[in-house]
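Single-letter residue listing:
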Amino acid sequence: QVQLVESGGGLVQAGGSLRLSCAASRSIFSINRMGWYRQAPGKQRELVAHITNGGRTNYADSVKGRFTISRDNAKNTVYLQMNSLKPEDTAVYYCNAVINFDGYWGQGTQVTVSS
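Residues numbered from 1 in each chain as written. Predicted model: local features only at pLDDT ≥ 70, side-chain atom pairs only at ≥ 80, totals over all residues. Heavy atoms only, no water.

(A) Looking closely at the overall build of the protein. From N to C terminus, the protein includes 0 helices and 11 strands. Along the protein, helices (α) and strands (β) appear in the sequence β-β-β-β-β-β-β-β-β-β-β when read from the amino end. In terms of overall dimensions, the protein is globule-like: its C-alpha atoms have a radius of gyration of 13 Å, near the 13 Å expected for 115 residues. With respect to the three principal axes, the spread of C-alpha positions in the protein is 40 × 25 × 25 Å. The proportion of buried residues among the 115 residues of the protein is 43%. Relative to all contacts within the protein whose residues are 6 or more apart in sequence, the contacts with residues 24 or more apart total 54%. Carbon together with sulfur atoms contributes 46% to the accessible area of the protein, which is approximately 6,100 Å² in total. Taking the average place of the 12 positive charges on the side chains of the protein and the average place of its 7 negative ones, the gap between the two points comes to 4 Å. (Helix = DSSP H or I, 4+ residues; strand = E, 2+ residues; numbered from the N terminus. Rg over C-alpha atoms; globule rule 2.2 N^0.38 Å. Buried < 20%, exposed > 50% of the residue type's maximum accessible area, 1.4 Å probe, protein only. Contact = heavy atoms within 4.5 Å. Areas by Shrake-Rupley, 256 points an atom, 1.4 Å probe, with all protein chains shown as cover. Lys, Arg positive; Asp, Glu negative; His and termini not counted. Charge placed at Lys NZ, Arg CZ, Asp CG, Glu CD.)

(B) Spotlight on the state of the cysteines. All chains considered together, the criterion is met by 1 disulfide. A disulfide bridge connects cysteine 22 with cysteine 95, and the sulfur atoms are separated by 2.0 Å. Across the S-S bond linking cysteine 22 and cysteine 95, the dihedral sits near -85°, which makes this disulfide left-handed. Here cysteine 95 lies in strand E9 (residues 91-99) and cysteine 22 lies in strand E3 (residues 18-24), a separation of 73 residues in the sequence. (Disulfide = S-S within 2.5 Å.)

(C) Fine view of the nonpolar core. If you look at the biggest cluster of nonpolar residues, it comprises 31 residues, and the most contacted ones within it are Met34, Trp36, Leu80, Met82 and Tyr93. Breaking this core down by element, the ones donating at least two residues are E3, strand E4 (33-39), strand E5 (46-52), strand E7 (67-72), strand E8 (77-82), E9 and strand E11 (109-114). Counting residues per element, this core draws most heavily on E9, which supplies 5 residues. Dropping the residues within four chain positions of it, leucine 80 is found in contact with Leu18, Arg19, Leu20, Trp36, Val48, Ala49, Phe67, Thr68, Ile69 and Tyr93. (Core = buried A, V, L, I, M, F, W, Y, C linked by side-chain atoms within 4.5 Å.)

Honestly, that's just the spatial picture; any functional story needs more than this.
In structure tokens, the structure reads:
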């Protein structure tokens, strides 16, 4: 099992940047895949990006070229660098980890992008 703690959310103007962090309670080498999801009011939770323990990444089409997911193995932390933010990016962002087919979630961090 693993505990996940997100941080870095906040209020930003359109075109601005934020970096989200997800700190894991165990070595991320032992986590098969970590990712970021987001959920806006009235909408389903959707994948934003994920990264495997081998470094393979995947992004939602809506964030390609703007967001970057990365890892710091020494800090057991996964990051989501968000650039050129749009109001449509406003949502609660959740960290996710998959370990041997079991999924785990963080508590979420709010990102609000104003026009």
